[in-house]
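# Fold and contact review
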Amino acid sequence: MSALTNDQIEDLITQSLEARNFSYSPYSKFRVGAALRTVDGKVYQGCNVENASYGGAICAERTAFVKAVSEGHLRFVAIAVSCDFNHYITPCGICRQFMNEFGKNLEIFFVNDDRTFKRAVLADILPFAFGPEDLPEK
């Protein structure tokens with residue numbers, strides 16, 4: 001069961017689908033959009049940005065997180081991730097690890113082009129994760 005209302009879920013879906021339009025993906029042609037909701041209700045959009053060196057690319061999920069963190073937000077409720085296909089895209093491994101930095105209970109909505117979605121919690125798709133709580137105290 002989601003911590004979000006149906007209207008909040010629909011808003012995240014809409015914003016993730018809209019974020020795809022800003023994708024810079026000339027190499028893969030694989031547009032991805034994300035919408036990240038903070039605990040205080042602000043939503044940050046992100047898109048994937050590719051680079052000719054490939055390794056310099058950044059995923060939509062991390063783009064949304066970086067935008068939010070750079071404006072002082074560190075606590076998040078949910079993220080919606082979408083692409084141009086009806087195939088329930090899930091975050092890559094590095095994005096899962098990146099998101100884990102900010103909490104294992106993050107809700108993730110895998111959004112299809114037709115607005116259908118599946119829901120998961122980060123801890124379920126990144127079992128045995130390494131995070132800040134695993135570091136020794138100073």
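Predicted model, so just to flag it, every value in this text is computed and none were measured. (Residues numbered from 1 in each chain as written. Predicted model: local features only at pLDDT ≥ 70, side-chain atom pairs only at ≥ 80, totals over all residues. Heavy atoms only, no water.)

To continue, consider the environment of threonine 5. Inspection of the secondary structure puts threonine 5 in the segment before α1 (6–19). Threonine 5 sits in the partly exposed class, given a relative accessible area of 43%. Between the alpha carbons of threonine 5 and serine 53 there is a distance of 41 Å; along the sequence they are 48 residues apart. (Helix = DSSP H or I, 4+ residues; strand = E, 2+ residues; numbered from the N terminus. Buried < 20%, exposed > 50% of the residue type's maximum accessible area, 1.4 Å probe, protein only.)

Turning next to the UniProt feature "domain: CMP/dCMP-type deaminase" (unreviewed entry) in the chain. Residues given the UniProt feature "domain: CMP/dCMP-type deaminase" (unreviewed entry) here are residues 7–133. Annotated as 28% helix and 24% strand, the span residues 7–133 places its first and last C-alpha atoms 33 Å apart. (UniProt positions renumbered as here; feature names shortened; annotations may be inferred.)

According to UniProt, the feature "active site" (unreviewed entry) maps to Glu61 in the numbering used here. Its location among the elements puts glutamate 61 in helix α2 (residues 60–69). Looking at glutamate 61, the relative accessible area reads 4%, which means it is buried. Apart from residues no more than four positions distant in its own chain, glutamate 61 is found in contact with Ala34, Ile79, Val81, Pro91, Cys92 and Cys95. (Contact = heavy atoms within 4.5 Å.)

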